[in-house]
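Summary of structural features
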Amino acid sequence: MSEIAFPAPDRKILARRDEIIAGLRRVLPEGGVIEKLDERRAFETDALTAYRQVPLAVVLPRSTEEVSAVMAYLHAQGVPVTPRGAGTSLSGGAIPQEDSVVVCVAKMSRVLEVDFANRVARVEAGVTNLAISAAVAHEGFFYAPDPSSQLACSIGGNIGMNSGGAHCLKYGVTTNNLLGVRLVLVDGTIVDLGGAALDAPGYDLLALVCGAEGQLGIVTEATVRILRSAEGARPVLFGFPSSEAAGAAVAAIIGDGIIPVAMEFMDAPAIRICEDFAHAGYPLDVEAMLIIEVEGSEAEMEAELGKIIAIAERHGVTVIKESKSAMETALIWKGRKSAFGATGRVADYICMDGTVPTGQLPHVLRRTSEIVASHGLRVANVFHAGDGNMHPLILYNVNDPQEQRKAEEAGADILKLCVEAGGCLTGEHGVGIEKRDLMGCQFSKADLDQQMRVRQAFDPAWLLNPAKVFPLDARS
Amino acid sequence: MPGADLSSFDATTVPEASMTTHKPQNEAEAACVIADAAARRIPLSILGSGTKRALGRFTQTQDVLSSAALAGITLHEPAELVIAARAGTPLAEVERKLGEARQQLPFEPMDYRALLGTSGEPTIGGVAATNLSGPRRIKSGACRDSFLGARFVNGRGEVVKSGGRVMKNVTGLDLTRLMAGAFGTLGFLTEVTFKVVPSPETQATLVLEGLSDRRAVAALSAGLGSPFEVSGAAHLPAGIGAAGARTLLRLEGFESAVGYRTKALAEALRDFSAARVLDAQESEALWREVRDVTFLVSPRDTAIWRISVAPSKAPALIDTLGAELSARWFLDWGGGLIWLACGAEGDAGALPVHEAARLEEGHALLVRAPDAVRAAVDVFQPQPEPIMKLTRAVKQSLDPAAVLEPGRIYAGV
């Protein structure tokens, strides 16, 4: 069934399974190694559930030193490693391979230090994204990147994929909010990159590690920037008669010098799916909806909203609905952030993640509908409009192999469309295995060769998450 | 160190006659120059217009590769908040183009010419290669944070592109940001793409007077921890630009918001000192001086250090260094950036400065010193061996023949 190939497992490693597990038990305390088949199965996939591989073993280290000991041992044995945080990757970044050991940092979930004077927090890699904000909320602070899976996903995984979220338009993605990491290299060496100072000496290795999908080392700790929350925040719903009108309004708002903290787009199918789930009060008689959030004091929000409403009216807005309470605000965001989960209730789906220049949004939306329809499938669109990061959800039936193939073909065509429109394959979910074989659409051989050479500077033997990111046939 | 040659202090010079300067007209020509240099193992100095040539370790090569002829803005989409330009495009031209659309680069790149005593037009490629950021870095990130995409020629003479023109892009390894601050040692930039932001409608600055360094850092920290989005946070001790100490907090945005936030922030910081407000014009002029380190330009024979540290550690670090080196200093980035001037004799303070920075988990860069000093001491903070090993491996992966600006950051890299 699977269209995406994994490298053939190394039979010699499979044959040495017992010996390798014994070796892991020697370097980890009791309970740190998972070897029973039914327990290993819990780690066979992530949020890209169409693909599965049961790993050789799983380890659950509790400290950087334990990760280091595991890595030193596996490196000496030549065994591949699949790093894993909470396993919420949408691109298969945490899917193991039969001959790999999963190094899962979920048990390393302590907030180590919160420093309000310097506006940083130091946390272990298994801490969830939302737990960082929760740890600093009592002083009115928050951690800015907010992927929809923030309740479950780990900061280690966020760093691996350079995750984004709805509020990135103003605050940036993970790489813009990350000041340092403690990294265990493939041979077990522990290094600190960056730290509490705003910039670091020498090469920006931290930028390389962020978004490297666990191919350069295993992040065990992170130092992140925390920000003071605005005095207030208010999302407003704007309904439009067409996607084009909504897209034009987005361009006009930015063109007018206004950067709202978030501008989220939903088309009619997505609105209906999310409304049925969250009962957020979304308008059901429009073709497209924007959730625009403004921040600041009451007077500042009023002033900014006034400008935005005037622009929306020039673009034919038909419904404007302001949040009147904290509960309404929570519901509005619940609807948006549960878009993937809500869609999962009505159908199986694959979620695309291409980014396009915002001026190309109307064209790309139209072509997306045509592409999906030509494969006899349906699509719902929810995405971050301010930065052009699209999330077409292609609906299909996972138990129908033919539909799965069609959905994957449509997805690939959409991603190629994003690249042709001047954008990229993935804005925040990562390449993983899902988009690995499309890398040649965006990059030349020289581009990919250079990336792989830099990768090899960290991991010459390709032991770290080796099935991901780079097309198998492009490797030399 | 003894024998430092102070006569060549202001600009690094190689005798003109013995130099070959390549100024390729396009990317393909640049690739040829580098491929040829790699084949013959002839190192190249990499520069734009050379205004920051005196920054970094002192290196000297016969051959120079300049991006000066690779000029021109290739893309500006105001509604998409993006601009792209060939590397040799003057920064001033980029800023003029953005100004026409009431936009700007978010990171407020500083102008090093006065400090380094150089002339010429800084280029956008030079801004990227040196990761040049100014006071707004505390709110809007560094140059590298807005650096979306690059085209460059690696040390093999191959044209490589990375990143793109969209703000959210996690496709493949982030070689773009790796280029930022690499001083050309990993690749010769040919085209760069940046995220831009709307220019604020207005600005104002609160001035708190008479605070000690310690109180000042606490006040800046309180301001940066407020909800008012402070976009500049500096402390000028007594004798830096005025007789008394001044602690500055800048607010930018729409007229109505700045008016409100100025009042609210002054109220929040009342316990530190009463605040005076600078209007937009005064504020802009003062922050230009902070950005360009104008206060320490003279006397010209002092060495200048740029020390990065967690803000709360700045006062202790200054206590140590200030007395030992008879230094003058001021603070930017809420205390996280210390600009320090001291005597250029001996090692220009390299040993104590690097050691003090290391103890406070920060790092120091020797920004200005005679060539002979920069050739002999650690200009950049020495790093632990495992990181140096990665640094050398990354260099090797991009420039195996070591022809691109070798030695500019670390010896052997």
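Calculation criteria
- Once a new chain begins, its residue numbering starts again from 1 and follows that chain's sequence as written.
- Lettering of chains starts at A and numbering of ligands starts at 1, both following the order in which they are written.
- In keeping with the model being predicted, local features are shown solely for residues with a pLDDT of at least 70 and side-chain atom pairs are shown and tallied solely at 80 or more, while totals for entire chains, interfaces and linings include all residues.
- Each helix is a run of DSSP H or I of at least 4 residues and each strand a run of E of at least 2, with the numbering of both proceeding from the N terminus.
- With the radius of gyration taken over C-alpha atoms, the globule rule is written as 2.2 Å times the number of residues to the power 0.38.
- Counting other C-beta atoms within 10 Å of a residue's own tells you its class, since 20 or more makes it buried, 12 or fewer makes it exposed, and anything in between is partly exposed; those C-beta atoms are placed from the backbone.
- In this description, any two residues whose backbone-derived C-beta atoms lie within 7 Å of each other are considered to be in contact.
- Pairing between strands requires that DSSP locate at least two bridges from one strand to the other.
- Only the contacting stretch of a helix is used when fitting its axis, a line to C-alpha atoms as for every element, and angles between N-to-C directions run 0 to 180 degrees.
- Take the residue count of a helix, subtract one, and multiply by 1.5 Å to get its expected span.
- The arc in question is traced by the directions running from the helix axis to the C-beta atoms.
- For the domain bounds, the source is a domain assignment made automatically or taken from a database.
- Residue polarity is assigned by list, with Asp, Glu, Lys and Arg as charged and Ala, Val, Leu, Ile, Met, Phe, Trp, Tyr, Cys and Pro as nonpolar; anything else, Gly included, falls into the polar class.
- An angle below 35 degrees is treated as roughly parallel, one above 145 as roughly antiparallel, one from 65 to 115 as roughly perpendicular, and anything else as oblique.
- Left-handed is the label given to a crossing in which the near helix is rotated counterclockwise from the far helix by less than a right angle, and right-handed is the label when the rotation is clockwise.
- For every residue, the predictor assigns a confidence score, pLDDT, that lies between 0 and 100.

When its secondary structure is counted, chain B shows 14 helices and 18 strands. Taken over C-alpha atoms, the radius of gyration comes to 21 Å for chain B, in line with the 22 Å a tight globule of 413 residues would show. Viewed in the frame of its principal axes, chain B has a C-alpha envelope of about 65 × 55 × 40 Å. Going through the 413 residues of chain B one by one, you find that 60% of them count as buried. In chain B, the proportion of contacts linking residues at least 24 apart, taken out of those at least 6 apart, comes to 74%.

In this section: the overall build of chain A. From N to C terminus, chain A includes 18 helices and 18 strands. Relative to the globule expectation of 23 Å for 476 residues, the C-alpha radius of gyration of chain A, 22 Å, shows essentially globular dimensions. Counting across all 476 residues of chain A, residues that qualify as buried make up 59%. For chain A, long-range pairs separated by at least 24 residues make up 73% of all intrachain contacts whose partners lie at least 6 apart in sequence.

It is worth spelling out the sheet that holds strand β9 (residues 190-194) of chain A at this point. Residue and element names in this part refer to chain A. The five strands lie next to each other as β5-β6-β10-β8-β9, forming an open sheet whose pairing is antiparallel. Every interior strand has two partners, whereas the edge strands, β5 (111-115) and β9, have only one. Neighbour to neighbour, the strand axes of the sheet diverge by 10° on average, direction disregarded. As defined by bridge partners, strand β8 (residues 178-184) adjoins strand β10 (residues 218-225) across six bridges and the pair is classed as antiparallel. In the strand pairing of β10, Val 184 is matched with Ile 218. Sheet contacts for helix α5 (residues 129-136): β5, β6 (120-124) and β10; angle to β5, the most-contacted strand, approximately 45°.

So, on to the interface of chain B and chain A. Taken together, the contact between chain B and chain A spans 68 residues of the former and 74 residues of the latter. Broken down by secondary-structure element, the contributors of at least two residues to the side of chain B that touches chain A are α6 (143-146), β8 (159-163), α7 (175-179), β10 (197-198), α8 (213-224), α9 (255-268) and α14 (385-398) of chain B. Looking at the side of chain B that touches chain A, the element that brings in the most residues is α14 of chain B, giving nine residues.

This brings us to the sheet that holds strand β1 (residues 33-34) of chain A. All names here are of chain A. In space, the four strands of this open sheet follow the order β1-β2-β4-β3, with mixed pairing throughout. The strands lining the two open edges of the sheet, one partner per strand, are β1 and β3 (81-84). Those strands touched by helix α2 (residues 17-27) are β1 and β2 (57-59), and its axis lies near 10° from that of β2.

Right, let's get into helix α10 (residues 280-291) of chain B. Residue and element names in this part refer to chain B. Here α10 spans 16 Å end to end across 12 residues, near enough to the 16 Å set by a 1.5 Å rise per residue. Ser 283, Leu 286, Trp 287 and Val 290 are the residues of α10 that are buried. Seen end-on, α10 carries its buried residues on one side only, within an arc spanning 100°. Opposite its buried face, α10 presents the exposed residues Gln 281 and Ala 285, each directed more than 90 degrees away. Summarising the contacts, the buried residues of α10 are in contact with β11 (202-209), β12 (232-236), β13 (246-253), β14 (275-278) and β16 (328-332).

Attention shifts here to the domain arrangement of chain B. Residue and element names in this part refer to chain B. Along its sequence, chain B is organised into domain 1 (1-199 + 383-413), domain 2 (202-291) and domain 3 (294-376). The straight-line distance from the C-alpha centre of domain 1 to that of domain 2 is 33 Å. On the domain 2 side, the residues contacting the seven residues of domain 1 number 10 residues. The residue inventory of the side of domain 1 that touches domain 2, partitioned by class, reads three nonpolar, one polar and three charged.

In this section: unusual backbone geometry. Residue and element names in this part refer to chain B. The amide bond that connects Ser 298 to the next residue, Pro 299, takes the cis arrangement and shows omega of -5°. Mapping Pro 299 onto the fold places it in the loop between α10 and β15 (302-308). The residue Glu 229 is not glycine, and still its phi comes out positive at about 55°. Turning to its location among the elements, Glu 229 is positioned in the loop between α8 and β12. For Glu 229, a count of 20 C-beta atoms within 10 Å translates into the label buried. Of note in the backbone geometry, Glu 361 takes a positive phi value of approximately 60° without being a glycine.

Residue and element names in this part refer to chain A. In terms of domain boundaries, chain A breaks down into domain 1 (1-229 + 443-476), domain 2 (233-339) and domain 3 (347-438). Its C-alpha centre places domain 1 at a distance of 35 Å from the equivalent point of domain 2. Counting residues at the interface gives five residues for domain 1, matched by eight residues for domain 2.

Our next topic: the pairing of strand β7 (residues 147-153) of chain B. All names here are of chain B. The element β7 is largely enclosed, with a buried count of seven among its seven residues. Note that β7 and strand β9 (residues 188-195) share six bridges and pair antiparallel. Residue pairing in the sheet places Val 153 in a bridge with Phe 188 of β9. The hairpin turn running from β7 into β8, its antiparallel successor, is five residues long, and Gly 157 in that turn takes a positive phi close to 85°.

Let us look at helix α1 (residues 27-40) of chain B. Residues and elements named next belong to chain B. With 14 residues, α1 extends 20 Å between its outermost C-alpha atoms, agreeing within 8% with the 20 Å of an ideal straight helix rising 1.5 Å per residue. Of the residues making up α1, those classed as buried are Ala 30, Val 33, Ile 34, Ala 37 and Ala 38. Seen end-on, α1 carries its buried residues on one side only, within an arc spanning 130°. Those residues of α1 that are exposed and angled more than 90 degrees off the buried face are Ala 28, Ala 39 and Arg 40. Structurally, α1 contributes buried residues whose contacts are with β1 (20-22), β2 (44-47), β3 (63-66), β7 and β9. Of the residues trailing α1, Arg 41 is marked for its positive phi of about 55°.

This paragraph deals with the environment of Thr 59 of chain B. Among the secondary structure elements, Thr 59 of chain B is positioned in the loop between β2 and β3. Placed 352 residues apart in sequence, Thr 59 of chain B and Ala 411 of chain B show a C-alpha to C-alpha distance of 9.8 Å.

Now for the packing of α8 of chain B against helix α11 (residues 314-325) of chain B. All names here are of chain B. Close contact between α8 and α11 brings their axes to 9 Å; oriented N to C, the two are set at 155°. Comparing the axis directions of α8 and α11 gives the class roughly antiparallel. α11 is crossed by α8, and the crossing has right-handed handedness. Facing α8, whose interface residues are Asp 213, Arg 214 and Val 217, α11 presents Ala 314, Pro 315 and Ile 318. Partitioned by chemical class, the residues of the contact of α8 with α11 number four nonpolar, no polar and two charged.

Residues and elements named next belong to chain B. Counting buried positions over the eight residues of β13 gives eight, a clear majority of the element. Neither face of β13 is open: one carries Arg 246, Leu 248, Arg 250 and Glu 252, the other Thr 247, Leu 249, Leu 251 and Gly 253, and all of them are buried. Sheet topology places β11 next to β13; eight bridges connect them, and they run antiparallel. Residue pairing across strands places Glu 209 opposite Arg 246, the latter belonging to β13. Judged from the five bridges that link them, β12 and β13 form a sheet pairing that is antiparallel.

A few words on the confidence of the model for chain B. All names here are of chain B. On average, residues of chain B carry a pLDDT of 94, and 96% of them reach 70 or more. When the criterion is pLDDT under 50, residues 1-14 qualifies, and its contacts beyond four places in sequence or with other chains add up to 33 contacts. Confidence metrics for the complex model read pTM 0.96 and ipTM 0.96.

All names here are of chain A. Remark: α2 packs on helix α4 (residues 64-77), axes separated minimally by 9 Å, with the N-to-C direction vectors making an angle of 150°. With respect to α4, the axis of α2 lies roughly antiparallel. Relative to α4, α2 is oriented so that their crossing is right-handed. Within the contact between the two elements, α2 uses Ile 20, Gly 23, Leu 24 and Val 27 and α4 uses Ala 69, Val 70, Tyr 73 and Gln 77.

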